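The lines below spell out each chain.
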Amino acid sequence: MSRVRMLLVLLLAWAPLAQAEKITIAAAADLKFALDELLVEFKQAHPKDEVEVIYGSSGKFHTQIRQGAPFDLYFSADIEFPRLLAKAGFAASEVVPYAVGRIVLWSATQDASQMTLAHLTDPAIKRIAIANPKHAPYGKRAEEALRTQRLWEKVEPKLVYGENIAHTAQFVQTGNAQVGIIALALALNPELASKGDYWLIPDELHAPLEQGFIITKRAEKNELAQQFADYMESKPARQVMTRYGFVLPDAAAGDTDAD
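Here the structure is a predicted model, which is why all the values come from computation and not from measurement.

Participant: Describe the nonpolar core, listing the residues and the values that go with them.
Facilitator: Grouped together as the largest cluster of nonpolar side chains are 74 residues, with contacts concentrated most on L73, F75, L117, F228 and M241. Not counting residues up to four positions away in its chain, the partners in contact with F75 are I25, A26, A27, A28, L31, Y98, G212, F213, F228 and M232. Counting 10 residues, the second largest nonpolar core, distinct from the first, contains A69, F71, A91 and I214.

So this is what it looks like as structure tokens:
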């Protein structure tokens, strides 16, 4: 009988560990501050589970997932990337729109709030940082805005390219660029807000930065992945996203639960 009791004790002790799950999230770099904040609350509700987030370029993550990278959720700054993955059979969920991003001029050394894109042609501005348009959605939108204003050819020789939008912001923070076109979500973070000002680039100058996520095929049976996906659509999560300057997908329909 003592052996049976001991076995029961061991099984009960092991059961919570067996139920613990882990997810790895690939997330666009513009989500860095907002998602870090959301994770604090999510982890409080799931103390035994493990959530790892890797931030980077949406385009590069898209390629890595196609090549078998072990990501359970994929948050892209361009909804087209998860749509392509879903069409190719790499998704275990529908593509969920989660935000529309905005781009801004930001500087740590100049009053960017008094600038427009036209100011970037000033000879005194030697280096301008944008994300690499080849694989970073925010870089593509920066290029579109500059081309719409017929400024691309004039400022292209000054451009330095970040691997993602967070890397782009670092160029400006460290003085390697005098001004940058970065995500509003980064400019609103206290870390950057205390060091510089921004000017919101009119959204009619570029295509919408419609963003979306999927649960990947790898996480098809991972309950924690589904729980995190559900959490991202909750009111507390939406409130955080709004605070970081993201426009919620249904905002135009008059939804007010994120206020």
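Participant: Outline the sheet that holds strand β7 (residues 159-162), supporting the account with residue identities and numerical values.
Facilitator: The strand order β7-β6-β8-β5-β9 describes an open sheet built from 5 strands, whose pairing is mixed. With one partner strand each, in any of the chains shown, β7 and β9 (197-200) form the two edges of the open sheet. Strand-to-strand twist across the sheet, computed as the mean angle between neighbouring axes with direction ignored, equals 30°. Running over the sheet, helix α7 (residues 165-173) touches β5 (103-107), β6 (128-131), β7 and β8 (179-183) and is turned about 150° from β8.

Participant: Tell me about the pattern of salt bridges, and name the residues and values.
Facilitator: Once their charged atoms are close, side chains differing in charge can pair, the charge on each being opposite to the other. Evaluation of the coordinates by the stated rule reveals 11 salt bridges. Across the pair R243 and E37 runs a salt bridge whose closest N-O atoms are separated by 2.4 Å. Of this pair, R243 sits in helix α11 (residues 235-243) while E37 sits in helix α2 (residues 32-45), placing them 206 residues apart in sequence. Look at R243 and you get partly exposed, because its relative accessible area is 49%. Here E163 makes a salt bridge to K60, at a shortest N to O gap of 2.3 Å. A residue pair is termed long-range when its members are at least 10 positions apart, and E163 in the loop between β7 and α7 and K60 in helix α3 (residues 58-66) qualify at 103 residues. Judged by relative accessible area, K60 falls into the partly exposed class, the value being 37%. What emerges from the salt-bridge pattern is a single network uniting K22, E50 and E52.

Participant: Would you mind going over the environment of A142 in detail, with residue names and values included?
Facilitator: Locating A142 in the fold gives a position in helix α5 (residues 137-148). Exposure remark for A142: the relative accessible area of 0% places this residue in the buried category. Along the chain, A142 and L205 lie 63 residues apart, while their C-alpha atoms are 9.1 Å from each other. Apart from the residues within four sequence positions on either side, A142 is in contact with I103, I130 and I181.

Participant: Can you explain the pairing of β5? Please cite residues and give values.
Facilitator: For β5, the buried fraction is high: 5 of the 5 residues fall into the buried class. Every second residue of β5 is oriented toward a common face, with I103, L105 and S107 on one face and V104 and W106 on the other, all of them buried. Taken together, the 4 bridges between β5 and β8 define a ladder with antiparallel strand orientation. Bridge pairing links V104 to I182 in β8.

Participant: Before we move on, could you go through α2 and cite the residues and values that matter?
Facilitator: Between its first and last C-alpha, α2 extends 20 Å over 14 residues, near the 20 Å set by a 1.5 Å rise per residue. Those residues of α2 lying buried are F33, A34, L35, L38, L39 and F42. Looking at the buried positions of α2, the neighbouring elements they touch are β1 (22-28), β2 (50-56), α8 (184-187), α9 (190-193), α10 (223-232) and α11.

Rules of the game
Residues numbered from 1 in each chain as written. Predicted model: local features only at pLDDT ≥ 70, side-chain atom pairs only at ≥ 80, totals over all residues. Heavy atoms only, no water. Core = buried A, V, L, I, M, F, W, Y, C linked by side-chain atoms within 4.5 Å. Buried < 20%, exposed > 50% of the residue type's maximum accessible area, 1.4 Å probe, protein only. Contact = heavy atoms within 4.5 Å. Pairing = 2+ DSSP bridges. Helix = DSSP H or I, 4+ residues; strand = E, 2+ residues; numbered from the N terminus. Axes fitted to C-alpha atoms, helices over the stretch in contact; angles between N-to-C directions. Salt bridge = Lys/Arg side-chain N within 4 Å of Asp/Glu carboxyl O. Expected span 1.5 Å × (residues − 1).

Functional significance is not addressed by these values, which are geometric in nature.
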